[in-house]
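Structural characterization, general
Here are the chains, one letter per residue:
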Amino acid sequence: MEKLPVIIDCDPGLDDALMLMLAFGSDQLDVKAVTVSAGNQTQDKTFTNAIKILSLIGTNAPVFRGAEKPLSCELIISNDMPGEMVFNEPSFPAVTTVPNTIPAAAAMAGILEEATKKVTIVATGPLTNIATFLSNYPNLKVKIERIVLMGGGIFRGNMTPLAEFNMYVDPEAAAIVFRSGVPVTMCGLDVTHKALVFPRDIELFRTFKNKSGEVAASLMELLAKNYPEQTAELQGGTALHDPCAIAWLLNPGIFTTKACYVDVETKGELTRGVTVVDFYDVLHREPNTMVAYDVDRLALIDMLFNAVRNLP
Ligand code: RIB
Ligand code: CA
């Protein structure tokens, strides 16, 4: 089967690393590039983490540095500090991925200019790089098939009561993406809090006896430690946020989605960064987003199992 051409923009990040394992281990995607955003950590650290996890995966996909900070505010990093420890594991393979000097938005433009078919963009961090690309290369929007993102929420947030981290870090960038006219799929907290992995699942990743299985298990255990408040709400499970974006691309049938009009609040004192999802079509505006709000958890875990098993 022909592989689907994609560009992945991410801010590794524990769950970004799991997303990359799913993307490359599935063997169904032609990853044209990985571009790196700042969010979970500063650009220096997310870029280094991206290089390390891609070296573990054993891919030669090109990696490009992105923005150091959001479009029009200071960078807020998440409490994903422990993510660095996993990426500093001494047994990690030598870094083989050679970083490029072309900035992320220019790299996206080069790939789309050369593309003979439309390319899907997957985003699992703040949307600064993608907004910069859309603003600087509006003529290339037609070469994008869809933007599939992890971010936002219909009725919940994790940075403020209603704003999710990726959208909260750069609301102006998020607004540019949702208003761009490019079709969007949004995997927000409503669905990622159902994409749960439990300790019994995690142990099975260690049975593969490959390095990637051990690292994946460590990443998920650190995720659980990172968000104890969510783990309690999630009956002891850990939300696999970023893998949802790739999983939707690989098998949309395991998700439940609804076509909605979505915009992003950039001004509100209490609501800056909120994805305003018109779930009940109150505004009668043309839907611009497929909003995912449920997932077959076991099917998602099975996809991740099979992908990680395929890796070194
Ligand atoms: O809110 C969850 C999102 O914020 C995930 O993408 C995680 O990696 C962090 O970037
Ligand atoms: Ca992320």
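All of the points below concern the structure found in this document. Note that this is a predicted model, so its numbers are computed, not measured.

Turning our attention to the site of ligand 1. All residues adjacent to ligand 1 are Asp11, Asp15, Asp16, Asn40, Thr124, Met150, Asn158, Glu164, Phe165, Asn166, His241 and Asp242. With respect to ligand 1, the side chain of Asn158 contributes an N or O atom lying 2.9 Å from an oxygen atom. The contact in question runs from an oxygen atom of ligand 1 to an N or O atom on the side chain of Asn166, over 2.9 Å. In the complex, 98% of the free accessible area of ligand 1, which totals 280 Å², lies under the protein chains. Taken together, the residues of the shell around ligand 1 sort by class into two nonpolar, five polar and five charged.

Turning next to the environment of Cys244. Along the polypeptide, Cys244 turns up in helix H12 (residues 243-250). We classify Cys244 as buried; its relative accessible area is 0%. C-alpha separation for the pair Cys244 and Val295, spaced 51 residues apart in sequence, amounts to 8.8 Å. Setting aside residues up to four positions removed in sequence, Cys244 forms contacts with Cys187, Thr192, Ala195, Phe255 and Leu300.

Attention now moves to the coordination of the calcium ion (ligand 2). For the calcium ion (ligand 2), every protein donor is listed as Asp11 (OD), Asp16 (OD), Asp16 (OD), Thr124 (O) and Asp242 (OD), and the spread of their distances is 2.2 to 2.6 Å. Motif for the calcium ion (ligand 2), donor spacing along one chain: D-x4-D-x107-T-x117-D. Relative accessible area serves as the criterion here: at 0%, Asp16 is assigned to the buried category.

Attention shifts here to the packing of helix H1 (residues 14-25) against helix H10 (residues 211-226). To characterise two packed helices, one gives the angle between the axes of the helices and the distance between these axes. Interhelical geometry of H1 versus H10 gives an angle of 150° and a closest axis separation of 9 Å. Every pair of crossing elements has a handedness; the one defined by H1 and H10 is left-handed. Contact residues: H1 offers Leu14, Asp15, Ala17, Leu18 and Met21, while H10 offers Ser212, Val215, Ala216, Leu219, Met220, Leu222, Leu223 and Asn226. When its residues are assigned to classes, the contact of H1 with H10 shows ten nonpolar, two polar and one charged.

So, how was this worked out
Residues numbered from 1 in each chain as written. Chains lettered and ligands numbered in written order. Predicted model: local features only at pLDDT ≥ 70, side-chain atom pairs only at ≥ 80, totals over all residues. Heavy atoms only, no water. Near = heavy atom within 4 Å. Polar contact = N/O pair within 3.5 Å; in protein donor to acceptor, adjacent residues only side chain to side chain. Areas by Shrake-Rupley, 256 points an atom, 1.4 Å probe, with all protein chains shown as cover. Nonpolar A, V, L, I, M, F, W, Y, C, P; charged D, E, K, R; others polar. Helix = DSSP H or I, 4+ residues; strand = E, 2+ residues; numbered from the N terminus. Buried < 20%, exposed > 50% of the residue type's maximum accessible area, 1.4 Å probe, protein only. Contact = heavy atoms within 4.5 Å. Donors = N, O, S within 2.8 Å, 3.2 Å for Na, K, Ca; no water. Axes fitted to C-alpha atoms, helices over the stretch in contact; angles between N-to-C directions. Left-handed = near helix turned anticlockwise from the far one by under 90°.

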